[in-house]
Number of protein chains: 2
Amino acid sequence: MRVGIAGYGNLARGVEAAVTNAPDMELVAIFTRRDPASVTVATDTPIYAWDAMADMTDQIDVMVLCGGSATDLPTQTPQVARLFTVVDSFDTHANIPSHFAHVDEAAREAGTLGVISCGWDPGLFSLARLYANAALPDGVDYTFWGRGVSQGHSDAIRRIPGVADARQYTVPVPEAVEAARSGSNPTLTTRQKHTRECFVVAEEGADHAAIEQAIVTMPNYFADYDTTVTFISQEELDANHAGLPHGGSVIRSGRTGLAGEFGDTIEFSLQLDSNPHFTGSVLASVARAAYRMRQNGQVGAYTMFDIPPALLSPLSAEELRAHLM
Amino acid sequence: MRVGIAGYGNLARGVEAAVTNAPDMELVAIFTRRDPASVTVATDTPIYAWDAMADMTDQIDVMVLCGGSATDLPTQTPQVARLFTVVDSFDTHANIPSHFAHVDEAAREAGTLGVISCGWDPGLFSLARLYANAALPDGVDYTFWGRGVSQGHSDAIRRIPGVADARQYTVPVPEAVEAARSGSNPTLTTRQKHTRECFVVAEEGADHAAIEQAIVTMPNYFADYDTTVTFISQEELDANHAGLPHGGSVIRSGRTGLAGEFGDTIEFSLQLDSNPHFTGSVLASVARAAYRMRQNGQVGAYTMFDIPPALLSPLSAEELRAHLM
């Protein structure tokens, strides 16, 4: 299975590592919209200018798109799906239906296949919600994120005047997680579910109080949360907050029995040292499934909801039944 | 979707409740090997003698087999698969490959479809192992069961002379669960992972010390575990130990990154008031998928590893993408 990577940032480094370590995959090319000579990749994979991919359709079985959901993937995934079977991690939940439609149209016209919105949320968390809803139709879903770095919230802080650098952690409230697990089906507000911890490096002479006020009152990002702001040095940020850990839990509690006489709780949780490396590892497994589905004659757009789980694994169906069932 | 149930015990009552509460399913018949007049079912579903099913192939789309794995399902599932698309909960892990082969042969010859080994272990726990292995190929799996009632271990105690009744709980050792979650990839012995709690009703005049000794030294069942035995009255057993709660956790910890520089932990856990009702609810969702796969032209044997998750849900693909992704 010959894999390509389109776009080279944090997520791409995760895909690069996962594909390189997979015994059944070969990473044959990385494509960038920057000058390829200016990009250093972690392995000895050749790097090409973006437009070179159009001449390499016979050398790559699956292209993994590693751009951002805001502006890259909405155009890139349909475009690249006209050349290759593709996998992406499009994560703007509200726009998944329209993105799906665009990729479906492109892939059907080209006779390729695209799996969109892969990773852990959307991705493994979506699957946890689906399986839990199927097994426990009468119930309530909860999703908690963290403790982990939100890159979007970190970026929002960095845009405040006087801020040199920042790192924002999303933190689930332990009492809310316990309440969700309890089976009492509590109604939890945004503020009750998560807190936000901000570590901020201020520019020399900046007004700390004004920065803190700008953060905690920021609509959508922070105003609806209990937010703490801690000013630290750039050295401390680099030393203690360089990683991109993340994780979270999907919890569904519900009832079984003719009259709902029994209570059940289902929980799926992740603790990740590196969000982009784990997401990249999931994308690599989906690339395997996408290749097999295309080999099997399927075309058009899919999500992880449509993938028979066995196709994600390098093991045969017999090995899976014997060892993992 | 017209569903039948073959065999009527605890698990069947769970399937009966789940199918009755599913808006897209109709429970049309229950079959028993006993005298149908001697069996009272929880709903107004008609009950028939086992052999009557052969004349009802045009009235039932999927038959859910609710017999036991030791002696019932190995013969029943292939036999019934010659008449109907079937779903079972065969859970003797070591014999899954041969059971699969027998059901596959019968279903292919008859042009039907069979999904075997559904429920939570095997079933949702198997899926958790598969997804976690695909996402995190470099790692270690742990499965913990409980706190919950093991019916096999309870039965083993009841066979000891002087025992009137018994209930056995399998209990995961909290320190072992924490060690598995820690990412340190510990090697855990059978004794380190679970303890066994036995509540025993002794017959009048029975030798308690001899019963306790017979339990804690019983090979396979108890000898390899730290086992506690508590003698209680039948009234106390009936009042406090009548339920069939169960649950457990599948934990995989592993590494991502080119050189395994990042650690991750994936966990899937269940807490169930009623093991048979939850298992029955999973079987009902698999019956839905089996029906759709058969409608789609598929025949032969499958497991939950082969089912695109979307097929388990009553929601359309569009609804799933919009609401659960």
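Values in this document were obtained by computation on a predicted structure and should not be read as measured data.

### Some thoughts on the overall build of chain A
On a plain count of helices and strands, chain A comes out with 11 helices and 14 strands. When the backbone C-alpha atoms are referred to their principal axes, chain A occupies close to 65 × 60 × 35 Å. Put simply, chain A has 325 residues, and 57% of those count as buried. Residue pairs in contact within chain A that sit at least 24 positions apart in sequence constitute 67% of those at least 6 positions apart. Carbon and sulfur atoms make up 48% of the accessible area of chain A, which amounts to about 13,000 Å² in all. With 21 positive and 39 negative side-chain charges, chain A shows a separation of 4 Å between the mean positions of the two kinds.

### Some words on the packing of helix α2 (residues 73-81) of chain B against helix α3 (residues 96-110) of chain B
Residues and elements named next belong to chain B. Put simply, α2 and α3 touch, their axes get as near as 8 Å, and they point 15 degrees apart. Our classification of the angle between α2 and α3 gives roughly parallel. At the point where α2 passes α3, the crossing takes the right-handed sense. Across the interface between the two elements, Leu73, Pro74, Thr77, Pro78 and Ala81 from α2 touch His99, His102, Val103, Ala106, Ala107 and Ala110 from α3.

### Points about the relation of the copies chain B and chain A
Superposing chain B onto chain A takes a rotation of 180 degrees combined with a translation of 0.0 Å along the rotation axis, leaving an RMSD of 0.0 Å. Within this description, the copies of the chain are treated as partners about a two-fold rotation axis.

### Some thoughts on the interface of chain B and chain A
Contacts between chain B and chain A engage 61 residues on the former and 61 residues on the latter. Buried area between chain B and chain A, summed over both chains or domains, comes out near 5,200 Å², and the portion from carbon and sulfur atoms is 67%. Counting across the interface, chain B meets chain A through 23 residue pairs in polar contact (both at pLDDT 80 or more). Elements with a minimum of two residues in the side of chain B that touches chain A: α1 (10-21), α3, α4 (124-135), β13 (262-272), α10 (275-295) and α11 (317-323) of chain B. Among the elements that make up the side of chain B that touches chain A, the one with the highest residue count is β13(B) (11 residues). For the side of chain B that touches chain A, the class distribution of residues is 33 nonpolar, 19 polar and nine charged. Pairing of strand β13 (residues 262-272) of chain A with β13(B) involves nine bridges; the strand directions are antiparallel.

### Focus on the pairing of strand β12 (residues 246-256) of chain B
All names here are of chain B. Buried residues dominate β12, accounting for 10 of its 11 residues. Two strands pair when backbone bridges link them, and strand β7 (residues 139-145) and β12 are joined in this way by seven bridges, in the antiparallel orientation. Directly across from tyrosine 142, in β12, lies its bridge partner isoleucine 251. The pairing of β12 with β13 spans 11 bridges and is classified as antiparallel. When the sheet's bridge partners are listed, arginine 255 is paired in β13 with glycine 263. In textbook terms, the turn of a hairpin is the stretch between consecutive antiparallel strands, and for β12 and β13 this stretch comprises five residues, one of which, glycine 257, has a positive phi near 100 degrees.

### So, the sheet that holds strand β8 (residues 148-149) of chain B
The pairing of strands in a sheet happens through backbone hydrogen bonds and is either parallel or antiparallel. All names here are of chain B. What the four strands build is an open sheet, ordered β8-β9-β10-β11; its pairing is mixed. Each edge of the sheet is formed by a strand with only one pairing partner; in this case those strands are β8 and β11 (226-231). Two strands pair when backbone bridges link them, and strand β10 (residues 194-202) and β11 are joined in this way by six bridges, in the parallel orientation. Looking across to β11, one finds that phenylalanine 199 is bridged to threonine 230. The strands that helix α8 (residues 208-216) touches are β9 (163-172), β10 and β11; relative to β11, the one it contacts most, it runs at about 150 degrees.

### Thoughts on helix α6 (residues 174-181) of chain A
Residue and element names in this part refer to chain A. Where α6 is concerned, the buried positions are Ala176, Val177 and Ala180. The arc that holds every buried residue of α6, seen down its axis, measures 100 degrees, which confines them to one face. For α6, the exposed residues set more than 90 degrees away from the buried face come down to Pro174 and Glu175. Looking at the buried side of α6, the elements it contacts are β7 (139-145), β9 (163-172), α7 (190-193) and β12 (246-256). At the exit of α6 stands glycine 183, carrying a positive phi of roughly 85 degrees.

Conventions we followed
Position numbers for residues count from 1 along each chain, tracking the sequence in the order it is written. Each chain takes a letter, starting from A, and each ligand takes a number, starting from 1, following the order in which they are written. Reporting in this predicted model follows two pLDDT cut-offs: at least 70 for local features of residues, and 80 or more for side-chain atom pairs to be given and counted; totals over whole chains, interfaces and linings ignore these cut-offs and use all residues. Side-chain metrics rest on all non-hydrogen atoms present in the structure, leaving aside hydrogens and water. Helix and strand labels come from DSSP, where a helix needs a run of H or I of at least four residues and a strand needs a run of E of at least two; each type is numbered from the N terminus. We call a residue buried when its accessible area falls under 20% of the maximum for its residue type, exposed when it is over 50%, and partly exposed in between, using a 1.4 Å probe and counting protein chains only. Should any heavy atoms of two residues lie within 4.5 Å, those residues are counted as being in contact. Areas reported here follow the Shrake-Rupley algorithm with a probe of radius 1.4 Å; residue values treat only the protein chains shown as occluding. Counting rule applied: Lys, Arg positive; Asp, Glu negative; His and chain ends not counted. To locate a charge, take NZ of a lysine, CZ of an arginine, CG of an aspartate or CD of a glutamate. To get an axis, a line is fitted to the C-alpha atoms, and for a helix only the part in contact is used. The angle between two axes follows their N-to-C directions and goes from 0 to 180 degrees. To sort the angles, those under 35 degrees are grouped as roughly parallel, those over 145 as roughly antiparallel, those from 65 to 115 as roughly perpendicular, and the leftovers as oblique. Each crossing gets its handedness from the near helix: less than a right angle anticlockwise from the far helix is left-handed, clockwise is right-handed. Least squares is used to superpose the copies, and the fit set is the C-alpha atoms of residues whose pLDDT is at least 70 in both copies. Defined here as a combined quantity, buried area equals the accessible surface (1.4 Å probe) lost by two parts on assembly, summed across both. As used in this structure description, the phrase polar contact means that two N or O atoms lie within 3.5 Å; if the pair is within protein, one of them must be able to donate a hydrogen and the other to accept it, and residues adjacent in sequence are counted only when both atoms belong to side chains. Side-chain classes follow a simple rule in which Ala, Val, Leu, Ile, Met, Phe, Trp, Tyr, Cys and Pro form the nonpolar group, Asp, Glu, Lys and Arg form the charged group, and the remainder, Gly included, forms the polar group. By the convention used here, strands pair only if DSSP detects at least 2 bridges between them. This arc describes the spread of directions from the helix axis toward the C-beta atoms.

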